Amino acid sequence: MSDHPHRPIRSFVRREGRLTAGQQRALDDLYPRYGIDWPGGPIDVATRFERSAPLVLDIGFGDGEALAEMAAAHPGRNYLGVEVYRTGTGRLLRRIESEGLDNLRVLLADASELLRDGLASESLAGVQLFFPDPWTKKRHHKRRIVQSEWLARVADRLQPGGFLHMATDWADYAEWMRTLAEAEPRLENLHGGYAPDAGDRPETRFERRGLRKGHAVFDLVLRRI
Ligand SMILES: C[S@@+](CC[C@H](N)C(=O)[O-])C[C@H]1O[C@@H](n2cnc3c(N)ncnc32)[C@H](O)[C@@H]1O
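Throughout, a residue's number is its position along its own chain's written sequence, starting from 1. A pLDDT threshold of at least 70 governs which residues receive local features in this predicted model, and a stricter bar of 80 or more applies before side-chain atom pairs are shown or counted, although totals over entire chains, interfaces and linings include all residues. With hydrogens and water set aside, each side-chain value is computed from the structure's full complement of heavy atoms.

A few points about unusual backbone geometry
Here comes step 1: A positive phi angle is found at Glu-122, which is not glycine, with a value near 55°.
Here comes step 2: Every helix listed is a DSSP run of H or I at least four residues long, and every strand listed is a run of E at least two residues long, numbered separately from the N terminus. Mapped onto the fold, Glu-122 is located in the loop between helix 4 (111–118) and strand 4 (124–130).

Shown next, in the form of structure tokens:
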């Protein structure tokens, strides 16, 4: 039995120590402009952008390199990145400022809580989850962000026709994602198996790390029925 029956199971560990003065300044100066405060409860994210466009949620963007590239490549979409890692968030905020990415906003929070409490049904055109922490040990599988309940919530928050794009370099997690996603009745696997390529997803930092270790990469693209 758990020693902490009320402590939620989280998909991340906060390892970050103190931020450097520069990292703290990036958050202090730029979060009020390009970040979204979320005290909990429902939020209408769409109103935080300068114009209305289909909204894509990127979960766990890391240092935001790939997300910034995607936002620049798809000016017709609004992107919301959600992270718990403050250093990476600071880096992405700087890039939003320097590149003038007005279709990208960030939110520092637990993505699972945001999905559960913050976002309305059928409010998202897409959800992307690239190289989530794999939690490779069996006793840690419960910490994987992809669970049946999480997939049901994603399916609910997606508009009909909306997409869920997941990628991982852990074969075992790929099988897990695929099995659970195919069991969710509101999601259909667009490729019947893994996607033949990464589609419009740029190479990410963690993907490069996996490739250097000789890992294969698996992409899964599902559509909300
Ligand atoms: C392995 S990294 C991948 C980063 C990036 N997507 C990439 O491919 O380079 C996973 C990221 O997910 C973030 N993360 C994990 N669980 C999260 C959660 N529940 N909410 C928000 N971010 C989360 C971690 O902080 C970490 O930065």
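Past the structure itself, the notes keep going.
Some remarks on the site of the ligand
Here comes step 1: The ligand sits among 19 residues. The nearest are Ser-11, Glu-83, Ala-111, Phe-130 and Thr-204.
Here comes step 2: Two N or O atoms count as a polar contact when they lie within 3.5 Å, although within protein this holds only if one can serve as hydrogen donor and the other as acceptor, and sequence-adjacent residues are included solely when both atoms are side-chain atoms. Ser-11 is positioned such that a nitrogen or oxygen atom in its side chain is 2.7 Å from a nitrogen atom of the ligand.
Here comes step 3: Ala-111 is positioned such that a nitrogen or oxygen atom in its backbone is 2.8 Å from a nitrogen atom of the ligand.
Here comes step 4: Only the protein chains shown count as cover for residues, and all accessible areas are computed by the Shrake-Rupley method using a 1.4 Å probe. Taking 600 Å² as the accessible area of the ligand by itself, protein coverage stands at 91%.
Here comes step 5: Mapped by element, the contributors of at least two residues to the shell around the ligand are strand 2 (78–83) and helix 7 (205–212).
Here comes step 6: When residue character is reported, Ala, Val, Leu, Ile, Met, Phe, Trp, Tyr, Cys and Pro are called nonpolar, Asp, Glu, Lys and Arg charged, and the others, Gly included, polar. Here the residues of the shell around the ligand sort into 11 nonpolar, 4 polar and 4 charged. Proximity criterion: a residue is near a molecule or strand once any of its heavy atoms comes within 4 Å of it.

Re the pairing of strand 2
Here comes step 1: Exposed residues in this analysis have more than 50% of their type's maximum accessible area, buried residues have under 20%, and partly exposed residues fall in between, with area computed by a 1.4 Å probe over protein chains only. The buried count for strand 2 comes to 6 of 6 residues, which makes it a mostly enclosed element.
Here comes step 2: Residues Asn-78, Leu-80 and Val-82 line one face of strand 2 and the alternating positions Tyr-79, Gly-81 and Glu-83 line the opposite face, and both faces are buried.
Here comes step 3: DSSP-based pairing: two strands are paired if at least 2 bridges between them are found. Where strand 1 (residues 55–59) meets strand 2, 5 bridges bridge the pair, whose relative direction is parallel. Each residue of the ladder has a partner; that of Val-56, found in strand 2, is Tyr-79.
Here comes step 4: Crossover connection from strand 1 via helix 2 (residues 65–73) to parallel strand 2: handedness right-handed.
Here comes step 5: One ladder, built from 5 bridges, connects strand 2 with strand 3 (residues 104–108); its direction is parallel. Within the sheet, the bridge partner assigned to Tyr-79 lies in strand 3 and is Leu-104.
Here comes step 6: Here a crossover is taken to be right-handed if, once the strands point away from the viewer, the path from the first strand over the helix to the second is traced clockwise. At this point the chain moves from strand 2, through helix 3 (residues 86–99), to the parallel strand 3, and the crossover so formed is right-handed.

Section: the UniProt feature "binding site: S-adenosyl-L-methionine" (unreviewed entry) in the protein chain
Here comes step 1: Mapped onto the present numbering, the UniProt feature "binding site: S-adenosyl-L-methionine" (unreviewed entry) falls at Asp-58, Glu-83, Asp-110 and Asp-133. Taken together, the annotated residues stretch across 76 residues yet fold into one region, lying no more than 14.3 Å apart by C-alpha.
Here comes step 2: Here Glu-83 lies in strand 2.
Here comes step 3: Judged by its relative accessible area of 9%, Glu-83 falls in the buried class.
Here comes step 4: In this structure Glu-83 touches Gly-60, Phe-61, Gly-62, Thr-89, Leu-107, Leu-108 and Ala-109, once residues within four positions along its chain are discounted. UniProt positions are given in the numbering used here, feature names are shortened, and annotations may be inferred rather than shown by experiment. Should any heavy atoms of two residues lie within 4.5 Å, those residues are counted as being in contact.

Thoughts on the side chain of Arg-224
Here comes step 1: Turning to its location among the elements, Arg-224 is positioned in strand 7 (residues 218–224).
Here comes step 2: Owing to a relative accessible area of 11%, Arg-224 belongs among the buried residues under this scheme.
Here comes step 3: Among the polar contacts made by the side chain of Arg-224, one reaches the side chain of Glu-122 at a distance of 3.4 Å.

A few points about the packing of aromatic side chains
Here comes step 1: Think of it this way: a Phe, Tyr or Trp ring, Trp meaning its six-membered ring, pairs with another when their centres are within 6.5 Å, and the plane angle makes it stacked under 30 degrees, edge-to-face over 60, tilted otherwise. Counting across every chain of the model gives 1 aromatic pair.
Here comes step 2: A ring is scored as having a charge over it whenever the NZ atom of a lysine or the CZ atom of an arginine sits within 6 Å of its centre and within 35 degrees of its normal. Over the face of the ring belonging to Trp-176 we find Arg-144, whose NZ or CZ atom lies 4.9 Å from the ring centre.
Here comes step 3: A cation over a ring is seen here: Arg-178 above Tyr-194, with NZ or CZ 5.2 Å from the ring centre.

Structural notes on the sheet that holds strand 3
Here comes step 1: With mixed pairing, 7 strands are arranged side by side in an open sheet as 3-2-1-4-5-7-6. Unpaired on one side and paired on the other, strand 3 and strand 6 (187–189) mark the two borders of the sheet. Here the strands of the sheet are splayed against their neighbours by 20° on average, with no regard to which way each runs.
Here comes step 2: In this sheet, strand 4 lies alongside strand 1 in parallel orientation, the contact comprising 4 bridges. Opposite Leu-57, over in strand 4, you have Val-127 as the bridge partner.
Here comes step 3: Lines are fitted to the C-alpha atoms to define the axes, a helix being fitted only along its stretch in contact, and any angle between axes, read from their N-to-C directions, falls within 0 to 180 degrees. Running at roughly 160° to strand 3, helix 3 makes contact with strand 2 and strand 3 of the sheet.
Here comes step 4: In the packing of helix 5 (residues 148–157) onto the sheet, the strands contacted are strand 1, strand 4, strand 5 (158–168), strand 6 and strand 7, and the crossing angle to strand 5 comes to about 140°.

As for the pairing of strand 5
Here comes step 1: Burial of strand 5 is extensive: 8 of the 11 residues sit out of reach of the surface.
Here comes step 2: Across 6 bridges, the pairing between strand 4 and strand 5 is parallel. Counted as the bridge partner of Leu-129 is Met-166 from strand 5.
Here comes step 3: Regarding the hand of the β-α-β motif, the stretch spanning strand 4, helix 5 and strand 5 is right-handed.
Here comes step 4: Examined bridge by bridge, strand 5 and strand 7 share 6 bridges and lie antiparallel to one another. Residue pairing in the sheet places Phe-163 in a bridge with Arg-223 of strand 7.

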